[in-house]
Amino acid sequence: MRRLRACLGAAAAVGLAAAGTTALVAGSASGATTQLSDRWYAAAPYLMPLDNDPPDAGAIMDATGLKAFQLAFVLAPDGGGCTPTWDGKSPVSSDTAVKSVIDTIRAKGGDVSVSIGGYGGTKLGQACADPASTAAAYQQVVTKYGLHAIDFDLEEPEYENTAAIHNEIGAAKILQQNNPGLYVSVTTAGTADGTGWFGKQMLLEAKAQGFTPNNFSIMPFDGGFNGAASQTAALTKFNQVLQSTFGWDEATAYAHEGFSGMNGRSDTGEMFYQSDFQTVLDFAAGHHMDRFTFWSLNRDRPCSPPDNGGRTSGTCSSVPQNSWDFAKFSVKFAGATPPTAPPTTPPTSPTPTPGTACKPAWSATTAYTGGSEVSYHQHNWKAKWWTQNEAPGASQWGPWEDEGAC
């Protein structure tokens, strides 16, 4: 299934599998690229390069020894259409900002994978007509950045759409066929049963299309989880799902299985500490699992002021930590040893603006309209839309926008 890998040359022609589809050229507008071992792509943590106070990737590399990053997310345009954009807003075709981040990482001997999908926005599988056109959109991303790895993050609400999942799985298969050696991961929701009904339907779609990625990864958080023991139990259950779906034995299923965690406080208030990551890392290594990653590097920083688990943030973890503590687990999974010397570039972390006054305290009984401002847990928050009895920071995707410490 895997491990043979070939660089995509700037003029290597690849044709889409579907009849009548125009051949595309694989290569990189950025020129030559660094190619890492599969283990590094399997260990790449998620990084939002354009949102959630993006940290300095070079500083993380210096501080931890990390070499690979999972950049998120490529989506369909917010206004509609079957062309790739970053976060639904920035067309890949004219991008320079993300390319600059990638160039910085590669100049330091690292590389990136790109993740498509995620929780929010419209996915290309929903917007494109069929697997071939979906693959053609993703091929633009592979070609522009000279990618050696790509991640299909298939979750709500897209994975509830049968046609969209058919397009995504079909596109993944086409990309795999036409980009020899491309590392392909598929990430989906985790439950106590491994994955839910829609996740299992996605696996059946992959089986029906004869598609086997490098791994199927689950996200065991935001589903009533409580620390590492519940996560390893879900990974054990998911292994059994893979066995029954594809007819694999236990070892083969683990070799195609991955873990994608959430560091610190999850969207639903679950708490995952460094000790939990160590336990899951030991489980993954002991069972020879294929992938160990987490959401996200933007959150791999202490909150300022310390939050002690009171809210979920896109820019800090809400647990006691030093910057990039969780990234070091990815480095260990890749088989490297994190450096112990001080980083050559100081890591960045959000700092409050001195003297910022706190807005009126949030009240569960007050109805707030879009633009209303409140304070909660020593942060100011602005309402994105009408809301009542939804605590600021309870969900990264909730109605409140964090305006910083006060």
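Below is a summary of the structure that appears in this document. (Residues numbered from 1 in each chain as written. Predicted model: local features only at pLDDT ≥ 70, side-chain atom pairs only at ≥ 80, totals over all residues. Heavy atoms only, no water.)

**Structural notes on the sheet that holds strand 16 (residues 373-376)**
Pairing between sheet strands relies on hydrogen bonds along the backbone, with the strands arranged either parallel or antiparallel. Spatially, 16-17-19 is the arrangement adopted by the three strands of the open sheet, whose pairing is antiparallel. Each having just a single partner strand, strand 16 and strand 19 (400-405) make up the two edges of the open sheet. Averaged over all pairs of adjacent strands, the angle between their axes in this sheet comes to 30°, without regard to strand direction. When strand 16 meets strand 17 (residues 379-383), the two strands line up antiparallel, connected through four bridges. Residue Tyr376 lies in a different strand from strand 17, and its bridge partner there is His379. (Pairing = 2+ DSSP bridges. Helix = DSSP H or I, 4+ residues; strand = E, 2+ residues; numbered from the N terminus. Axes fitted to C-alpha atoms, helices over the stretch in contact; angles between N-to-C directions.)

**Notes on the packing of helix 7 (residues 197-209) against helix 8 (residues 228-246)**
Following both chains from N to C, one finds helix 7 and helix 8 inclined at 35°, their axes separated by 10 Å at the closest point. Crossing hand, helix 7 versus helix 8: right-handed. Residues Lys200, Leu203, Leu204, Ala206 and Lys207 of helix 7 form the contact with helix 8, whose participating residues are Phe238, Val241, Leu242, Thr245 and Phe246. For the contact of helix 7 with helix 8, a count of residues per class yields seven nonpolar, one polar and two charged. (Left-handed = near helix turned anticlockwise from the far one by under 90°. Contact = heavy atoms within 4.5 Å. Nonpolar A, V, L, I, M, F, W, Y, C, P; charged D, E, K, R; others polar.)

**Description of helix 6 (residues 162-178)**
A rise of 1.5 Å per residue sets the reference length of helix 6, with its 17 residues, at 24 Å; its end C-alpha atoms lie 24 Å apart and thus fit the reference within 8%. If you check which residues of helix 6 are buried, you get Ala164, Ile165, Asn167, Glu168, Ile169, Gly170, Ala171, Ala172, Ile174, Leu175 and Asn178. The distance from a side-chain oxygen at the start of helix 6 to the backbone nitrogen of Ala163 is 3.1 Å, and the residue carrying that oxygen is Asn161. (Expected span 1.5 Å × (residues − 1). Buried < 20%, exposed > 50% of the residue type's maximum accessible area, 1.4 Å probe, protein only. Polar contact = N/O pair within 3.5 Å; in protein donor to acceptor, adjacent residues only side chain to side chain.)

**Examining the pairing of strand 14 (residues 291-295)**
Within strand 14, five of the five residues are buried, which leaves it mostly tucked inside the rest of the structure. With burial as the criterion, each face of strand 14 is covered, one bearing Arg291, Thr293 and Trp295 and the other bearing Phe292 and Phe294. The pairing of strand 11 (residues 257-262) with strand 14 spans five bridges and is classified as parallel. Note on strand 14: the bridge partner recorded for Phe259 is Phe292.

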